[in-house]
Amino acid sequence: QIILANREVMFMEWTSIHPSDVLLHEQPATPVLDEQSFFIRFFVHKIQSCSSGSRWLAAFASLRDFLHWLCSGGGIVAYADSARAEEAPEPPPRKKKVVVLGTGWAGTSFLKNLDSSRYEVKVISPRNYFAFTPLLPSVTCGTVEARSVVEPIRRMFEKKGKDVAYYEAECFKIDPTKKAVHCRSAVGTNLDGNGDFMLDYDYLVVALGATVNTFNTPGVMEHCHFLKEVEDAQKIRKSVIDCFERASIPNISEEEKRKILHFVIIGGGPTGVEFAAELHDFLVEDLVKLYPAIAQFVKITIIQSGEHILNTFDQRIAVFAESKFQRDGIELSTGFRVIKVSDDSITVKCKSSGVETLVPYGMAIWSAGIGTRPVITDFMNQVGQGKRRALATNEWLRVPECDSVYAIGDCSSISQRKIMEDISTIFKVADKDNSGTLTLKEINDVLEDICIRYPQVELYMKSMHMVDIADLIKGGVGDSNKESMVVNIEEFKKALCHVDSQVKTVPATAQVVSISIEYIG
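Residues numbered from 1 in each chain as written. Predicted model: local features only at pLDDT ≥ 70, side-chain atom pairs only at ≥ 80, totals over all residues. Heavy atoms only, no water.

Considerations on the confidence of the model for the protein
The predicted model of the protein averages 82 in pLDDT, with 76% of residues at 70 or higher. pLDDT under 50 marks residues 1-36. Its contacts with residues more than four places away, or in other chains, come to 55 contacts. Note on residues 74-85: pLDDT under 50 across the span, and 12 contacts to partners over four residues away in sequence or across chains. (pLDDT = per-residue confidence, 0-100. Contact = heavy atoms within 4.5 Å.)

Below you can see the structure in the form of structure tokens.
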């Protein structure tokens, strides 16, 4: 309704004048009208030109024509540059792409600690589940069922509320220049007829683990079992039962029975030792009762090239394990290297005397170490690490030669920086008064930062049974009063010169991998 000063005119009838006439004859000085000015001028023009005898039907028809013209584009000129036009909202910032290779201990531990809402996360692995590898020796003996040690990777993401895309494929090439990974699916094909595809990344986390290292020993791949996957554990379990069944067949000589029931474990590392203990319990507690007639022929042997088993652990652990195996009747053959494996015997060579010996066996398990996967070898050649056995990273697990590439787990090794390389810088930072000497208080002020950057300091102090940093400094200045202790640069170097001896390669265990994830970034 349009209310005018004249009360007699409440709603004026419209004439048949076209709306474009208003724009042509009533143009303002400026080329663009706002909404209010445009409609007022148009209505006034209509009211002035209408007659009292016009019909209501004609008025509504004229109004209909006007609205049709306005909606069809005729009114765009009037509103195009309106000051009140709303600006389009800015698009949200693009999330950084994080690609994780592997679903083992390293990969899943990293994903659990990653805030997936901040990144676009994609996971590549040919294994669509996570396997709790410390229990694989128990699977070989039936103590634990295989389904109890695996967890589907998609279910893990769902439970944690992770927005993660998973692809069941294998990465066969890493291109650090283009920041892309080349993958191949074993369960499907693309339009080209194969399963190859490529993913680009902003951050790449390499957690591909390692493969079995046979050291090119003849016959290992053909005749030995391994213990890296759930499928390996199931094969070993079946093989153990088959050995007992074969030895139970009539007309088998005692010598043949001893050979069939001789279980040889090559490698005295964590995997070999754990499996030997599980196998012993399985034989003594279960199979001997089921096969009492052949129980006396059962034998377990561990062949280790080093002088002790578990040589990457504390010596006290190795001594305890050796004494326990001797009490249980498990034979330890240390100082022997396997040079050949056939279908019924293992050729070993004594490292001290060089004498070769044949060891007959019924089942052999190879756990002599881990090797580098081909994709990691190719990547190391690209970044100038071709002569290494594992991908080298700094203490923050970053590959130094690449931008935004991290490596965790068995496929990598941490190159811990030595404190003696930065001893002069540390001394200068701690010497706040530029006196050329350090007091005990000045050393304590930077001690926390030193222990974080160089963890070998704490390891050395613990191994030497030192209470505090003052005990460590005494080695450089001799026995003196703790409160008045002052050292110069040479004495400071002398006190810390043996600290780097505690820099050691950590064992490839699930616990070490899980802990190392905390240091990423």
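A word on the pairing of strand S6 (residues 180-185)
In the sheet, strand S5 (residues 164-175) pairs with S6 via six bridges, with the strands oriented antiparallel. The partner of Asp 175 across the bridge, within S6, is Ala 180. Linking S5 back to S6 in an antiparallel pair, the connection comprises four residues, with Lys 179 at a positive phi of about 55 degrees. Pairing analysis gives five bridges linking S6 to strand S7 (residues 196-200), with the strands arranged antiparallel. Bridge pairing in S7 links Ala 180 to Asp 200. (Pairing = 2+ DSSP bridges. Helix = DSSP H or I, 4+ residues; strand = E, 2+ residues; numbered from the N terminus.)

Section: the sheet that holds S5
Strand order in this open sheet of seven strands is S7-S6-S5-S2-S1-S8-S19, and the pairing throughout is mixed. With one partner strand each, in any of the chains shown, S7 and strand S19 (405-407) form the two edges of the open sheet. For this sheet, the mean angle separating the axes of adjacent strands, direction not counted, is 35 degrees. In the sheet, strand S1 (residues 96-101) pairs with strand S2 (residues 119-125) via six bridges, with the strands oriented parallel. (Axes fitted to C-alpha atoms, helices over the stretch in contact; angles between N-to-C directions.)

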